[in-house]
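# Residue-level structure breakdown
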Amino acid sequence: MLKGKLNFAFKTFFMMASILTLGFCFSYSKDIVISRDFVLFTSKNLEGYIKPIFTTLEQSLNTTLFGTSLPDGKFCFILNLSVSGMIIPDAQKTFDAEVPDGFFNDSVTQVAQIRNGEVRRSVVKPNIQPTIYGRSSTPIFSAPQSHTYPDSIYKTIAYPEGLHIDFMAGLPVLQAIVETPLKNEIRFRFFSLPIQDETFVYLTIGLNQRVDDWFNLFGFDKNKAISVHFALHRMYYGNSFDLTSYAIGINAMQRWGNTLIGYVGLQYEDFGGKFRAVKDTTGLKENVINSPFPELRQAKPIVISFNSYTKFQAKGGFTLTFYIGFLNFELSYASQPMISLGFGLFIGTKKNEN
Amino acid sequence: MKISRTKFAVVVFMSLLLTSCYTDVINSFQNFRFQIPFYFYLNYIDKSIPDTSRIFVNLNNYDEFLKHRDELASAEIVQFNYWVDSLVFSNNVAFDPERDSLIIENVRFVLIFARPKSGIVNPKDSSDFEEDTTLPRFVLGEFYNLDIRDFYRQPHHIKIISNEISQVLTEVVRSRPYFYLSSEYGKVLGQTTTKKYFSLVNVRIDIVIRFTISL
């Protein structure tokens, strides 16, 4: 019996993996081309600036992977919408920004900046500058010691500022949940949007498999369950934007009466991807971009790796089940503490029809 | 199925809270703020002091300003910096910070807003502008007993600009992004002649301006 269930779980997993592999293999050849005048960010600084917003994205992708109903072996189809919000910790409001190499050499240029009300006459490491959620940035003044190239390029620099965000709304999640007689839930999310000549695609597939009865922990108890869950997310846009995230974890649920479900869960998650854009280099030799950063001066492509601060989430919540659907409320402890609220609609068979 | 009032209130409260969060976030993302340094090179030949001189600044000549001018919500001067890049005495000997001592009693930098002269619809160069006397002048930086050694290719004399100036700039800059930077030099310490001459003076002023643009 246990072997048969494991076989089915493996088949389900294999099917999910195949679908996603197809998605991974699907690639385009066109690059995003941006103006060479885009000199506000180097690749490294843009990566640091946006890292917290991708953390928000990762966390919101990896929410509502379980907890919406207790997998009890009844077939059910649910349409679920959830929204979330994250508290942004101070640590994610700043990052260590890139500084031109010449700024570290006193014989090339003398630098100064104001930090905490005091004038500092050297580069301060880490060079704390705001992320997209942060506040004001700190310019670094630079007086080149020679007026000729290459020293003369080491001029004063400034950085973009943050948006003063303390609480950030996550990406809303709209998904289809299928509960199968094998006491599992399969989740699907899909979104596609043509933008210019390319198509933006987002897809998620997830599995929440009840396992307590495999090991006969409570017998088959309709009011409590232990499950493992897994989800894989993929977003891409042509050859320029590519993002993958996954989560794997364990959760426990308890039902009280016919209405209320409480649950807790732990999950590990990761997030990665890249963004690449080339710059229009027409007239590069005639019209030199005057920047102390070689990447900007030479109009090199912007290449960013997506990263996230969050690796683990501890979740707890409750779900109120009604005749036609449910309401779900969840709190998550992660690098950005998160609150989420969702509702679901039973399509066809009603979940709490006994 | 009956929902208790408490449960209903919790759900309504959470819905409102999250809705307002989305609204706040959308509002936050409607503006983008960044700082841009503007570099001003004041190069004088046969400069004499005491003296007052001014340069004309038209932000329309700066690509970074032009790119964002139409979406500009505000512009604030954040910091101001002044240093001496080169100085040659009247005997054509270059100033050497290791050897020479030169102290100027006072130096002052003043921001003066400009406007096109009456009747000029499409002003082209500085001769088409005049001081805007309807707006106050603002002192950006003032230094007393300014020791040139301490300002010679040294950028650590940073002045933080007051909100008062920034607010005026915000109001003016979208429609009239023109101003003068006036430099007022006093006597050299111990100067006995009416004027002291220098063959060459190169001065740098860097001004960092914070722009907020509406997306």
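These lines cover the structure that appears in this document, whether it is placed above or below.

It is worth spelling out the overall build of chain A at this point. Secondary structure assignment for chain A yields 3 helices and 18 strands. In chain A, which comprises 354 residues, the proportion classed as buried is 54%. Taking as baseline every contact in chain A between residues at least 6 positions apart, the subset at least 24 positions apart corresponds to 71%.

All right, on to the layout of surface pockets then. In this structure, the second largest pocket spans a volume of roughly 490 Å³. Lining of the second largest pocket is provided by 26 residues; of these, Ile114(A), Arg135(A), Ser136(A), Ser137(A) and Thr138(A) occupy positions nearest its centre. If you list the elements that add at least two residues to the lining of the second largest pocket, you get strand E4 (109–115) and strand E6 (128–130) of chain A together with strand E3 (72–89) and helix H4 (163–173) of chain B. Residues belonging to the lining of the second largest pocket are distributed by class as follows: 8 nonpolar, 12 polar and 6 charged.

When we look at burial in H4(B), the residues that qualify are Ile165(B), Ser166(B), Val168(B), Leu169(B), Thr170(B), Val172(B) and Val173(B). Packed against the buried residues of H4(B) are helix H2 (63–68), E3, strand E4 (103–116) and strand E6 (138–147) of chain B.

Here we take up helix H2 (residues 43–61) of chain A. Along H2(A), the sharpest kink reaches roughly 45°, centred on Lys51(A) and followed within four residues by the proline Pro52(A). With 15 of 19 residues buried, H2(A) lies mostly within the body of the structure.

All names here are of chain A. Counting buried positions along E4 yields 7 of 7 residues, so the element is predominantly enclosed. Alternating positions in E4 separate into two faces, Thr109, Val111, Gln113 and Arg115 on one and Gln110, Ala112 and Ile114 on the other, with burial throughout. Of the pairings in the sheet, the one linking E4 to strand E7 (residues 141–144) comprises 4 bridges and is antiparallel in character. Bridging from a neighbouring strand, Gln110 pairs with Ala143 of E7. By the bridge criterion, 3 bridges tie E4 to strand E5 (residues 118–120) in an arrangement that is antiparallel. The residue of E5 that forms the bridge with Ile114 is Val119.

Thresholds, definitions, all that
Residues numbered from 1 in each chain as written. Chains lettered and ligands numbered in written order. Predicted model: local features only at pLDDT ≥ 70, side-chain atom pairs only at ≥ 80, totals over all residues. Heavy atoms only, no water. Helix = DSSP H or I, 4+ residues; strand = E, 2+ residues; numbered from the N terminus. Buried < 20%, exposed > 50% of the residue type's maximum accessible area, 1.4 Å probe, protein only. Contact = heavy atoms within 4.5 Å. 1 Å grid on protein atoms, 1.4 Å probe; cavity = no way out; pocket = protein on both sides within 12 Å on 5 of 7 lines; lining within 4 Å. Points joined across faces, edges and corners; volume = space filled by probe spheres on them. Nonpolar A, V, L, I, M, F, W, Y, C, P; charged D, E, K, R; others polar. Bend = angle between axes of the 7 residues up to and from the residue. Pairing = 2+ DSSP bridges.

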